[in-house]
Amino acid sequence: MDNVRVKSKIKVTSLANASIRRSIFEERNPRLEFEFEFVDAVDGRESAHDLLASELFDASLPYTPGARGVAMTTYRLWTEIAQGDEIVTIAEDDAIFRPDFHEIRESIFRQYKNYVDFIAWGYNFDSVVRMGFFGGNVQCCTVFDQDAMRHSIDHFLADREPVNLFRLMEFYGLCAYSISPVGAKFLLERCFPLKNENYPAPGLGRTLQNYGIDIVMNQYYHEMLSYVSFPPLAISRNEHESSSVQTNG
């Protein structure tokens, strides 16, 4: 899509009644100022019947209510993006952005906006990222120290290391990413309807049951112009006890 544009504002998904989480997001990201907008996420608890009736979810899918809500929120956002002409950045409401995120994103998209379907700006530090070099033909897998990251947030915010993009093969969590209309259409057609299946996870050395949409998305990055930011430009403390994906709320 040669005339694709880049939407400046980040779409931050958050439950409509999550006023505390929204306030915390604003406090953690003061440099974003007016460069983001909250998007009401689907509440998987209140919409369980409607979600099953949508035929986008296998009835036996082992999703928590939170995971169902994330998947349907993602479906709605991708549908909107696929019908437009903008690359859109989507983030969860526990994301913490490096203060120079917008400057770096704009620089990257000035060069590559017509050659990118998907960029992961952040990822879970309790899992892996699998990247590819030389057109994705040579792969490597990284592991991280989540506890060290949680104690290094001030250092992350002060970091100004150069950011590189590598071909993306596998990652977990949807902390923050940008997706093009072509990428959104591609993933919509392949991820939905969501099925109760096991999927290969080469970076983890095993298969995973489909318990979240990010597991399904991993099956298709190698077929897209997908990239990962290294080091990340967004992080999440990834606290399961307060996550609306890991729990019912």
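Each value, and the rule that gives it
Residues numbered from 1 in each chain as written. Predicted model: local features only at pLDDT ≥ 70, side-chain atom pairs only at ≥ 80, totals over all residues. Heavy atoms only, no water. Phe/Tyr/Trp six-rings, centres within 6.5 Å; stacked < 30°, edge-to-face > 60°. Helix = DSSP H or I, 4+ residues; strand = E, 2+ residues; numbered from the N terminus. Buried < 20%, exposed > 50% of the residue type's maximum accessible area, 1.4 Å probe, protein only. Lys NZ or Arg CZ within 6 Å of the ring centre and 35° of its normal. Contact = heavy atoms within 4.5 Å.

Draft legend 1. The packing of aromatic side chains, seen in detail. Taken as a whole and judged by the stated rule, the model has 18 aromatic pairs. Look at F101 and W121: their rings are 5.4 Å apart centre to centre, the planes differ by 90°, and that puts the pair in the edge-to-face class. Taken together, the residues F101 in helix α4 (residues 101-112) and W121 in the loop between β6 (118-120) and β7 (128-133) connect sequence positions 20 residues apart. Both residues of the pair, F101 and W121, count as buried. A ring pair is formed by F171 and Y221, whose centres lie 5.7 Å apart and whose planes are at 40°; its orientation type is tilted. Here F171, found in the loop between β9 (164-170) and β10 (176-179), pairs with Y221, found in the loop between α8 (213-217) and β13 (226-230); they are 50 residues apart in sequence, far enough to count as distant. With respect to burial, F171 and Y221 carry one shared label: buried. Each member of the aromatic cluster is reached from another via a ring pair, and the members are F97, F101, F109 and W121. The cationic tip of R167 hangs over the ring face of Y227; the distance from NZ or CZ to the ring centre is 5.5 Å. The residue whose ring lies beneath R190 is F186, and the NZ or CZ to ring-centre distance is 3.5 Å.

Draft legend 2. The side chain of S180, seen in detail. In this structure, S180 sits in the loop between β10 and α7 (181-191). For S180, a relative accessible area of 5% puts it in the buried group. Apart from residues no more than four positions distant in its own chain, S180 is found in contact with I81, I87, V116 and D117.

Draft legend 3. Up close: the environment of G132. Following the sequence through the fold, G132 ends up in strand β7. Measuring from C-alpha to C-alpha, the distance between G132 and E239 comes to 29 Å, with 107 residues separating the pair along the chain. Beyond its immediate chain neighbours, meaning those up to four positions away, G132 contacts V138, Q139, F166, R167 and M169.

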